[in-house]
Amino acid sequence: MTENPDDILTLLPARLKEARRAQGLSLEAVANLSGVSRSMVSQIERGESSPTIATLWNLTRALQVDFAGLLEAGDMQDRIEVLRAVDVPKIENMGQGCRIRILSPPEEAGGHEVYDIRFDPGGALTSQPHTRGAMEQLTVLEGEIEVTSGSAKDHLQAGDTARYAADVGHAIIAPNGAARVFLIVKNA
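Worth saying up front: this structure is predicted, and the values here are computed from it rather than measured. (Residues numbered from 1 in each chain as written. Predicted model: local features only at pLDDT ≥ 70, side-chain atom pairs only at ≥ 80, totals over all residues. Heavy atoms only, no water.)

A. Highlighting the overall build of the protein chain. Along the protein chain, the regular secondary structure elements total five helices and nine strands. Listing the helices and strands of the protein chain from first to last along the sequence gives α-α-α-α-α-β-β-β-β-β-β-β-β-β. Burial analysis of the protein chain (188 residues in total) assigns 36% to the buried set. Long-range contacts, defined as pairs at least 24 residues apart, comprise 63% of the intrachain contacts of the protein chain with a sequence gap of at least 6. As presented, the protein chain carries roughly 10800 Å² of accessible surface, and 51% of it is formed by carbon and sulfur atoms. (Helix = DSSP H or I, 4+ residues; strand = E, 2+ residues; numbered from the N terminus. Buried < 20%, exposed > 50% of the residue type's maximum accessible area, 1.4 Å probe, protein only. Contact = heavy atoms within 4.5 Å. Areas by Shrake-Rupley, 256 points an atom, 1.4 Å probe, with all protein chains shown as cover.)

So this is what it looks like as structure tokens:
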């Protein structure tokens, strides 16, 4: 990491902008993810404003980069992004008797989404149709699952994978006990 405070003030705006662009995020998207206003994000990226520690923390979390990494002299492409289990976002208010963990990055929402879902016995996730052409791919990691897509229905066991239309009403149910699935939602 750089030692000179002037280097930090020079590097920080460019590195934040570089991290945002590498993720394919607009200023508006970063503002929504971080809680920092769009105009403030823009001012920081142009070097017109120095962020507070709290603002910088919110920005680095939204961009999924660590603070020290922003100030490293090395190539931004040579890195592994890690989302620790304790930091994985969760959806608590969807379905019955299921816990949904969001494994895909925030910028993929509405595009290519990845979930780890754990079902209690009898748990269910019933979904309205997604966008036209949307598909889901589900792999059963533990237990048994019943999948419904439109009028089609199938029973899957651990190790089975199903691909089905998600632009019709669809459901995932754990009828006979606890279960866990890995779900990929791909919107057209």
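B. Expanded view of the pattern of salt bridges. Counting across every chain of the model gives seven salt bridges. Between Glu45 and Arg20 there is a salt bridge whose closest N-O contact spans 2.7 Å. Of this pair, Glu45 sits in helix 3 (residues 38-45) while Arg20 sits in helix 1 (residues 5-22), and the two are 25 residues apart along the sequence. Overall, the relative accessible area of 9% leaves Arg20 in the buried class. It is possible to trace a salt-bridge network through shared partners that takes in Asp116, Glu142 and Arg180. (Salt bridge = Lys/Arg side-chain N within 4 Å of Asp/Glu carboxyl O.)

C. Structural view of the environment of Glu108. With respect to the helices and strands, the residue Glu108 is situated in the loop between strand 2 (96-102) and strand 3 (112-127). Among the residues examined, Glu108 registers a relative accessible area of 31% and is labelled partly exposed. For the pair Glu108 and Lys186, spaced 78 residues apart in sequence, the C-alpha to C-alpha distance is 9.8 Å.

D. Region of the structure containing the nonpolar core. In this structure, Ile117, Phe119, Leu138, Ile145 and Leu183 are the most contacted members of the largest nonpolar core, which totals 19 residues. By size, the runner-up hydrophobic cluster in this structure holds 13 residues, among which are Ala19, Leu25, Val36 and Val41. (Core = buried A, V, L, I, M, F, W, Y, C linked by side-chain atoms within 4.5 Å.)

E. Structural context of the side chain of Arg20. Of the polar contacts made by the side chain of Arg20, one reaches the side chain of Glu45; its length is 2.7 Å. Those residues in contact with Arg20, other than ones at most four positions away along the chain, are Leu25, Ser26, Leu27, Val30, Glu45 and Leu63. (Polar contact = N/O pair within 3.5 Å; in protein donor to acceptor, adjacent residues only side chain to side chain.)

F. Structural context of helix 4 (residues 53-63). When we look at burial in helix 4, the residues that qualify are Thr55, Leu56, Leu59, Thr60, Ala62 and Leu63. For helix 4, the angular spread of the buried residues around the axis is 160°, confining them to a single face. Away from its buried face, by an angle of more than 90 degrees, helix 4 presents the exposed residues Ile53 and Trp57. Two residues or fewer past helix 4, Gln64 is found with a positive phi of approximately 55°. (Arc of directions from axis to C-beta.)

G. Expanded view of the layout of surface pockets. Considered as a void within the structure, the second largest pocket measures approximately 270 Å³ in volume. What lines the second largest pocket is a set of 17 residues, and nearest its centre among them are Met94, Tyr115, Ser127, His130 and Val185. Listed by contribution, the elements that provide at least two residues to the lining of the second largest pocket are strand 3, strand 8 (170-173) and strand 9 (179-186). Taken together, the residues of the lining of the second largest pocket break down into nine nonpolar, six polar and two charged. (1 Å grid on protein atoms, 1.4 Å probe; cavity = no way out; pocket = protein on both sides within 12 Å on 5 of 7 lines; lining within 4 Å. Points joined across faces, edges and corners; volume = space filled by probe spheres on them. Nonpolar A, V, L, I, M, F, W, Y, C, P; charged D, E, K, R; others polar.)

H. The arrangement of the confidence of the model for the protein chain in detail. Confidence along the protein chain averages 85 in pLDDT terms, with 88% of residues attaining 70 or more. For the stretch residues 1-5, pLDDT sits under 50, and the model shows seven contacts to residues farther than four places along the chain or on other chains. (pLDDT = per-residue confidence, 0-100.)

I. Representation of the side chain of Ser149 within the structure. Tracing the backbone through its elements, the reader meets Ser149 in strand 5 (residues 144-149). Ser149 gets classed as buried once you look at its relative accessible area, which sits at 11%. Not counting the four nearest positions on each side in its chain, Ser149 is found in contact with Tyr164, Ala165, Val168, Gly169 and His170.

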